[in-house]
Amino acid sequence: MNGHIVPVYLLDTSAATNAPEDQEITDFLYGGDDKYRFIQEVVLGVGGVEMLSKLNLRDIDHYHMNEGHSALLALRLTERLLAKNGHALPNTDDVAAVRRLCVFTTHTPVPAGHDQFPGSLVREVLGEHRTKLLFSTGFTGRDHLNMTHLALHHSNYVNGVAMKHGEVSREMFPEYRVKALTNGVHAGSWTSPEMAQLFDRDVPEWRHDNVYLRYGISIPLERIREAHQAAKQSLLAAIQEQLGVTLDPNVYTVGFARRATGYKRAGLFMSEPDRLRKIAKNAGPIQIVYGGKAHPRDEEGKRNIEEIYASAKELQDTVKLVYLPNYDWRWGALITSGVDLWLNTPIVTREASGTSGMKAALNGVPSLSTLDGWWIEGHLEGLTGWSIEGDRDLAEADSMYTKLEKVILPMYYNKPLEYAAVMRNAIALNGSFFNTQRMLLQYVFNAYSGRGPKVF
Ligand SMILES: *Cc1c(COP(=O)(O)O)cnc(C)c1O
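Residues numbered from 1 in each chain as written. Predicted model: local features only at pLDDT ≥ 70, side-chain atom pairs only at ≥ 80, totals over all residues. Heavy atoms only, no water.

1. Here we look at the site of the ligand
Around the ligand, the structure places W190, R258, K264, Y327, D328, W329, G354, T355, S356 and K359. Between the ligand and T355 there is a distance of 2.7 Å, counted from an oxygen atom to a backbone nitrogen or oxygen. For the ligand, an oxygen atom lies 2.5 Å from a polar atom in the side chain of S356. When its residues are assigned to classes, the shell around the ligand shows three nonpolar, three polar and four charged. (Near = heavy atom within 4 Å. Polar contact = N/O pair within 3.5 Å; in protein donor to acceptor, adjacent residues only side chain to side chain. Nonpolar A, V, L, I, M, F, W, Y, C, P; charged D, E, K, R; others polar.)

2. Here's the deal with unusual backbone geometry
Peptide bonds are, in most cases, trans, and in most cases residues other than glycine have a negative phi. Unlike most non-glycine residues, N326 shows phi in positive territory, near 55°. Residue placement: N326 occurs in the loop between β9 (320-324) and α12 (329-338). Of note in the backbone geometry, T349 takes a positive phi value of approximately 85° without being a glycine. Within the secondary structure, T349 is located in the loop between β10 (341-344) and α13 (356-362). (Helix = DSSP H or I, 4+ residues; strand = E, 2+ residues; numbered from the N terminus.)

3. Describing the environment of L235
Relative to the helices and strands, L235 is located in helix α9 (residues 221-243). Placed 75 residues apart in sequence, L235 and G160 show a C-alpha to C-alpha distance of 33 Å. When residues no more than four places from it in sequence are discounted, the contact partners of L235 are W331, L334, I335, G338 and V339. (Contact = heavy atoms within 4.5 Å.)

4. Looking at helix α3 (residues 92-99)
Taken residue by residue, α3 has D94, V95, A97 and V98 as its buried positions. For α3, the angular spread of the buried residues around the axis is 160°, confining them to a single face. Exposed residues pointing more than 90 degrees away from the buried face of α3 are listed as T92 and D93. Turning to α3, the residues buried within the fold contact α2 (73-85), β2 (102-105) and α5 (147-153). Between the side-chain oxygen of the N-cap and the backbone nitrogen of D93 there are 2.9 Å, and the N-cap of α3 in question is N91. (Buried < 20%, exposed > 50% of the residue type's maximum accessible area, 1.4 Å probe, protein only. Arc of directions from axis to C-beta.)

Below, the structure written as structure tokens:
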């Protein structure tokens, strides 16, 4: 916008001057053992601080750690501080000084999702001296290294990525002061060209200041419908071209796409095929677009995808289902802007934030979702979308099907302008807020204020 470039540095160990086995440290992200992972995190944390120093970037006010993977940067900052003040081991003032430099954002609401390494491995990789220094900074954990605890202990500002996630994180780490700052998505990147054209016309300031999307509330409903219908055509054309499947632009289209993993329950929507058939018959036709890949080691996630394929076969007579192969950013943008309803069914408390529903909101696509993550904040029943409520999983399925049959489909097919008003609210109330511009400003106000000591 104002010509500022945000540099991104990628660390790569495949330099000829490294030992052959060290050249492979950054070869792959998943699939290595604990030791491979730990060494990667040493490269990121310790190597990262060294790299910034070698680049002469000495005027750094804050180091922001996303998840614990980079937490060993606290070790390197401590070492540098000690080299400067001549202390052999850090005292509480030294730890406090490093803390003033660090910000930590946790993204994972379950303990199993946090990296941990046994003390023996830490000693093997870091050596006795460094290990002693590391544990002398006083974070919890005697003989194992929990990267999240290391990051928590060394940060002045700690946050979860939605209000609810802040609460869940405080329960997980009661000894720390954990705040919450809700995620956002980049509006310029995730708004479809069709919808962007409408915004450019009616609220042109939105591109440099996303707050102006608030004034989308006065865009005529017919225009919202037209722009969305054009975005829907783009999605359907891409599906036609890549999969050879023809979907009907006049049929209510439900979208679900994200990483395939157990807690997101991709199959919940398909869990009662007979009920879906009945809904389609009574309230109006439905078609569904699915997408999402499983982590190579996530067997449950892979099973979920197989189950959806099986349901697709079973339902083919009444409800058309498409599974996008190779779900990526391009499909992500097409599907979150091109469907009529964005479905999300995470087990409550398990979705730290969720971001795809924010992309949908920017494009005037309302959500139908369990009340978790960002949706607790973005949900106004019948105004920005709809909630799925009740106990797991049967009552939730019932809530989802009932709303679809009694509220959502009747509104879409019988009162299209009422439906367009929900779409418009999604833009004006949620698109204007759940974006990276607001998020970044909040980090500036809450996390990046104040100045730490110079350690270089
Ligand atoms: C936005 C996006 C995601 C994240 O979706 P969530 O709902 O936050 O899980 C995953 N993959 C792709 C390709 C995306 O665009």
